[in-house]
Amino acid sequence: MAQFGKASAKRSKPSYFMAILGVTIVLFFVGVFGWLLLNTSRYTEKLKEDIKLQVYLRRSATQADVDTLMQYIKSRPYTNIVEYIDKEAAKKQWMAKGETDFQELLDENPLPASIDFNLKSMYVEKDTIAAIKADLEQRQLVVESVKYPAFVVEKMGSSVRAGLIVFASLAALFCILSIVLIDNTIRLAMYSNRFLIKTMQMVGATRGFIAKPLNMRAVLNGLIAALVAIFVIYGLMMLSEYFLPDLSDLRDNSKVITLFVFLIVLGISISLFSTYRSVVKYLKMKLDELY
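Calculation criteria
Residues numbered from 1 in each chain as written. Predicted model: local features only at pLDDT ≥ 70, side-chain atom pairs only at ≥ 80, totals over all residues. Heavy atoms only, no water. UniProt positions renumbered as here; feature names shortened; annotations may be inferred. Salt bridge = Lys/Arg side-chain N within 4 Å of Asp/Glu carboxyl O. Helix = DSSP H or I, 4+ residues; strand = E, 2+ residues; numbered from the N terminus. Buried < 20%, exposed > 50% of the residue type's maximum accessible area, 1.4 Å probe, protein only. Pairing = 2+ DSSP bridges. Axes fitted to C-alpha atoms, helices over the stretch in contact; angles between N-to-C directions. Contact = heavy atoms within 4.5 Å.

- The chain is annotated in an unreviewed UniProt entry as Cell division protein FtsX of Niastella soli.
- UniProt, in its Sequence similarities (unreviewed entry) section for the chain, records the words "Belongs to the ABC-4 integral membrane protein family. FtsX subfamily."
- Looking at the Subcellular location (unreviewed entry) heading of the UniProt record, one finds this comment for the chain: "Cell membrane".

## Some thoughts on the pattern of salt bridges
At step 1: Evaluated as defined, the whole model comprises four salt bridges.
At step 2: As a salt-bridge pair, Glu-45 and Arg-42 come within 3.1 Å of each other at their nearest N and O atoms. Placement of both Glu-45 and Arg-42 in helix 1 (residues 2–49) is noted, with a separation of three residues, approximately one turn of the helix.
At step 3: For Glu-241, the salt bridge identified is with Arg-251, shortest N-O distance 2.7 Å. In this pair, Glu-241 is assigned in helix 7 (residues 207–243) and Arg-251 in the loop between helix 8 (247–250) and helix 9 (253–284), connecting sequence segments 10 residues apart.
At step 4: You can call Glu-241 buried: its relative accessible area is 10%.
At step 5: One network of salt bridges, with partners in common, ties together Arg-42, Glu-45 and Lys-255.

## Re the sheet that holds strand 2 (residues 79–85)
Remark on secondary structure: sheet strands pair via backbone hydrogen bonds, oriented parallel or antiparallel.
At step 1: Spatial ordering of the open sheet is given by 2-3-1-4, a layout of four strands whose pairing is antiparallel. The open sheet has two edge strands, strand 2 and strand 4 (143–147), and neither has a second partner. Taken pair by pair, the neighbouring strands of this sheet meet at an average axis angle of 20 degrees, ignoring direction.
At step 2: Summarising the sheet, strand 2 and strand 3 (residues 114–119) pair through six bridges and their orientation is antiparallel. Bridged to Val-82 within strand 3 is Phe-117.
At step 3: Packing against the sheet, helix 4 (residues 126–137) makes contact with strand 1 (52–57), strand 3 and strand 4, and its axis sits at approximately 170 degrees to strand 4.

## A look at the pairing of strand 3
At step 1: Most of strand 3 sits out of view: six of its six residues are buried.
At step 2: What you see with strand 3 is no split at all: Ser-114, Asp-116 and Asn-118 on one side and Ile-115, Phe-117 and Leu-119 on the other are buried throughout.
At step 3: Of the strand pairs in this sheet, strand 1 and strand 3 are connected by five bridges, and their pairing is antiparallel. Following the sheet pairing, Val-55 is matched in strand 3 by Ile-115.

## Here's the deal with the pairing of strand 1
At step 1: Covered by surrounding structure in strand 1 are Leu-53, Val-55 and Leu-57 only, the residues Lys-52, Gln-54 and Tyr-56 on the alternate face being uncovered.
At step 2: Across four bridges, the pairing between strand 1 and strand 4 is antiparallel. Bridging across to strand 4, Val-55 finds its partner in Val-146.

Now the structure itself:
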């Protein structure tokens, strides 16, 4: 029996290698898809955070009123970056856009001072911004008007929702296909061990005794596959950022680490589940059915 077990183990080595390779490939594509999803999500957030609200101030507003309004805006949970634009700074921005110098026609700078601020991405929604605008316009003694690119916000909101639905659907489909592929790969690897499993059962070994070494091997295989996939994905990320430096601005290290942990958990969990399921399957089969 010992010789038979050794022979079976030798025959199973190529299958284990193919199982690790197959799981690695699947996890690699899962990781790449997740990385692209993270970059897309972060790029969308950056686009939203570029949306700027301009609070134009009345000429009669005192500096104390302006400072009070600045502090109020900074204290709100939706505020990301706040900047005070005085009349001279407004003029420089006007000239930077290539507009004509109004000093040729006017003796006084007609551009109002303003408080410009960007919103956090989660607050860039049509109804939310409308509520923020209404709140600020209530300060009529200081605020003349509040402007923002309403058309861009509206289009961005619908586009982002549609994109999230598509990505969520693709992610769900891809995860299901990945689980099925990993399961089939592990089951094929276990096929070469079917006689060893049945022989151990015939000599009185319990299900737990038979499954334990195979389950431990499954955990190891899943871990190796996940680590190899993570190494390749990380190399791909570094290579992409080398040729496209802007991608480094989109990388969120905490989310990348979460993605890598997910790949490890997925690789180990599916390998362990599929291995145990195969063991139970072969234990329930009759000897003649194994041929």
